[in-house]
Amino acid sequence: MNSRPSILIIGAGFTGCALAHDLSLRGVNVTVLERGEIASGTSGRTHGLLHSGARYCVTDPEAAIECITESRILSQIAAQCIEYNGGLFVALNDQDLAYSAAFEQGAQATGIPIERLSPQQALQREPNLNPNLLAAYTVPDGTFDPLRLALAFAATARQNGAVFLTHHEVQALHADGQGRITKLTAWNRHTGQQQTFTADLIISATGAWAGQIAAMVGASTVVKPTPGIMVAYNQRLVHHAINRLCPPDDGDILIPQRRMVVIGTTSFEVENPDYIPITAEQTEQMQRAAEALVPAIANTQRRGVYMSARPLIVSGSSGRSLSRTFKCYDHEALDGLPGLITITGGKATTCRIMAEKTADLACQKLGLSAPCRTKDVPLRSYRLYYS
Ligand SMILES: Cc1cc2nc3c(=O)[nH]c(=O)nc-3n(C[C@H](O)[C@H](O)[C@H](O)COP(=O)(O)OP(=O)(O)OC[C@H]3O[C@@H](n4cnc5c(N)ncnc54)[C@H](O)[C@@H]3O)c2cc1C
């Protein structure tokens, strides 16, 4: 009796949760299938920087503009999950200082407000910074709580009718008689049973696992799992997000997270995002990078080392030069597989706009005329996801 269109979303990271929120607001019947818990993939193990875009303003202006726009929106709709504490870019040597001109130009071109500070001014704000710093810039960075952010999107989607089936691992996609991908089989990891689900459209929001889902029906492989490791220390030695004034590099960001600070990240490629090795060499590399920014790290207890895989878009070369922007793949146009869409790439900071663009495509395919409303709808408390 229900005439509303239905969509199955695979994956409940930031992207899947934001998409469930967007589509539910547009009146779509949404079911999300997640093999683990909410944010149990990359989203739950992210660094947590609400990017102002300054990190990318020289090397990837498109990503920088997305970040400044979206970080402002998120700080309005998800204020409960964000510490809007600002950031500093810090020059520690002549090479860093030489990056200043490009950084200032990039920030201006992408609309990111920055202010140059003298070393004394920077140390006044952050006394634990390396006392030998040569210059610093303020940037409008923030930090977010990863689990709360994902849960806040999911809680709001649930209020609007979305159903979240966690511990459901999608194992196969199926085409109907017309070759349309409208059905999937999921394994319920609690009961051990397999169940089939049908919908008008299926959207894979599986991040670094997107290639695995696409491969189930021979669709194009779309991402390169590119992990990084992060090291957490047991004291909140800084209160701003501290960035090294240099092109994006390993260990260039040290951020406060609750009572800790976290340095990250490295960047390397793996075949399987479920197996990401953490080497002592990379951990030491992060330690050195953190100590360069904040020497007191040397005397601070290490809390832990963790890792996750970026779903970076394959657009030619490898590693950090891959674009940070996201892509929404229409597999009907790409592979002749109607019914299936993949959304991947991007950043936590850009999950709302990723959802908007994907929902626009999905609605267009369903013949549904319903504008996006997520810019203006404040998210519910993350606590309400479990109520
Ligand atoms: C080291 C590192 C640091 C980062 N730091 C930042 C940062 O500071 N700021 C920022 O903005 N961004 C950051 N990012 C990027 C950001 O974390 C990711 O872009 C984002 O988490 C991706 O979210 P997602 O929902 O697309 O993917 P995921 O969170 O990985 O979600 C995909 C989900 O799909 C599920 N899944 C996979 N296969 C199946 C299946 N067969 N059936 C059912 N479910 C399945 C997984 O369990 C997972 O939960 C960082 C990334 C990395 C790797």
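Residues numbered from 1 in each chain as written. Predicted model: local features only at pLDDT ≥ 70, side-chain atom pairs only at ≥ 80, totals over all residues. Heavy atoms only, no water.

## Focus on the side chain of Arg26
By the secondary structure assignment, Arg26 is in the loop between α1 (14-25) and β2 (29-34). From its side chain, Arg26 meets the backbone oxygen of Glu356 in a polar contact 3.4 Å long. Setting aside chain neighbours within four positions, we find Arg26 in contact with Glu356, Ala359, Asp360, Cys363, Leu368, Ala370, Pro371 and Cys372. (Helix = DSSP H or I, 4+ residues; strand = E, 2+ residues; numbered from the N terminus. Polar contact = N/O pair within 3.5 Å; in protein donor to acceptor, adjacent residues only side chain to side chain. Contact = heavy atoms within 4.5 Å.)

## A word on the confidence of the model for the protein chain
Do not read the predicted coordinates in detail wherever pLDDT is low. Counting all residues, the mean pLDDT for the protein chain is 94, and 97% of those residues have values of 70 or more. Note on residues 316-322: pLDDT under 50 across the span, and 18 contacts to partners over four residues away in sequence or across chains. (pLDDT = per-residue confidence, 0-100.)

## Points about the pairing of strand β12 (residues 194-198)
Along a regular strand, successive side chains alternate from one face of the sheet to the other. Sheet topology places strand β11 (residues 181-188) next to β12; five bridges connect them, and they run antiparallel. Within the sheet, the bridge partner assigned to Lys183 lies in β12 and is Thr198. (Pairing = 2+ DSSP bridges.)

## Some words on the sheet that holds strand β13 (residues 201-204)
Here we have six strands laid out as an open sheet, ordered β9-β2-β1-β13-β20-β19, and mixed in their pairing. One side of each edge strand has no neighbouring strand; the edge strands of this open sheet are β9 (163-166) and β19 (326-330). Strand after strand, the sheet turns through a mean of 15 degrees between neighbouring axes, direction not considered. The strands that helix α10 (residues 351-366) touches are β1 (6-10), β13, β19 and β20 (340-345); relative to β20, the one it contacts most, it runs at about 170 degrees. (Axes fitted to C-alpha atoms, helices over the stretch in contact; angles between N-to-C directions.)

## A word on the packing of α1 against α10
Relative to each other, α1 and α10 sit at 55 degrees, their axes nearing to 8 Å. Viewed along their axes, α1 and α10 adopt a mutual orientation that is oblique. Our pair here, α1 against α10, has a crossing hand that is right-handed. Each of Phe14, Thr15, Ala18, Leu19, Asp22 and Leu23 in α1 lies in contact with α10, whose residues at this interface are Cys351, Arg352, Met354, Ala355, Glu356, Thr358, Ala359, Ala362 and Cys363. When grouped by side-chain class, the residues that make up the contact of α1 with α10 number 10 nonpolar, two polar and three charged. (Parallel < 35°, antiparallel > 145°, perpendicular 65-115°, else oblique. Left-handed = near helix turned anticlockwise from the far one by under 90°. Nonpolar A, V, L, I, M, F, W, Y, C, P; charged D, E, K, R; others polar.)

## Quick word on the site of the ligand
Surrounding the ligand, one finds 35 residues, the nearest of these being Thr15, Glu34, Ser43, Leu49 and Thr349. In this structure, Gly41 approaches the ligand through a main-chain N or O atom, which is 3.3 Å from an oxygen atom. Residue Val170 places a main-chain N or O atom 2.9 Å away from a nitrogen atom belonging to the ligand. Relative to its unbound accessible surface of 1000 Å², the ligand loses 97% to contact with the protein. Among the secondary structure elements, those contributing two or more residues to the shell around the ligand are α1, β2, β10 (168-175), β14 (223-233) and β18 (302-313). (Near = heavy atom within 4 Å. Areas by Shrake-Rupley, 256 points an atom, 1.4 Å probe, with all protein chains shown as cover.)

## Regarding unusual backbone geometry
For the peptide bond that leads from Gly264 to Thr265, omega is -10 degrees, which places it in the cis range. Tracing the backbone through its elements, the reader meets Thr265 in the loop between β17 (260-264) and α8 (280-293). Notably, Ala39 is not glycine yet its phi reads approximately 60 degrees, a positive angle. For Ala39, the position within the fold is in the loop between β2 and β3 (49-50).

## So, the pairing of β17
In terms of burial, β17 is a largely internal element, five of the five residues being buried. Burial along β17 is two-sided: the face carrying Met260, Val262 and Gly264 and the face carrying Val261 and Ile263 are both buried. As judged from the four bridges shared by β14 and β17, these two strands associate in the antiparallel manner. If you follow Val231 over to β17, its bridge partner there is Ile263. Counted between consecutive antiparallel strands, the loop separating strand β16 (residues 253-257) from β17 contains two residues, among which Arg258 sits at a positive phi close to 50 degrees. (Buried < 20%, exposed > 50% of the residue type's maximum accessible area, 1.4 Å probe, protein only.)

## Overview of helix α4 (residues 100-110)
Along an α-helix, residues three or four apart share an orientation, since each turn contains 3.6 residues. Within the span of α4, buried status applies to Ser100, Phe103, Gly106, Ala107 and Thr110. Angularly, the buried residues of α4 cover 130 degrees about the axis, an arc narrow enough to put them on a single face. In α4, the exposed positions that point more than 90 degrees away from the buried face belong to Gln105, Gln108 and Ala109. Residues of α4 that are buried make contact with α2 (61-77), β5 (87-91), α3 (94-98), β6 (115-117) and β7 (135-139). Taken from the residues just after α4, Gly111 is the one with a positive phi, measuring 75 degrees. (Arc of directions from axis to C-beta.)

## So, the pattern of salt bridges
By the definition in use, this model includes 16 salt bridges. Arg35 is the partner of Asp274 in a salt bridge, and the nearest nitrogen-oxygen pair spans 2.6 Å. In this pair, Asp274 sits in the loop between β17 and α8 while Arg35 sits in the loop between β2 and β3, placing the two residues 239 residues apart along the sequence. We classify Asp274 as partly exposed; its relative accessible area is 43%. A salt bridge links Glu332 to Lys365; the shortest N-O distance between them is 2.8 Å. Note that Glu332 is positioned in helix α9 (residues 331-335) and Lys365 in helix α10, a separation of 33 residues in sequence. Classification of Lys365 as partly exposed rests on a relative accessible area of 29%. Taken together, the shared-partner salt bridges in this structure form one network comprising Asp22, Arg26 and Asp360. (Salt bridge = Lys/Arg side-chain N within 4 Å of Asp/Glu carboxyl O.)

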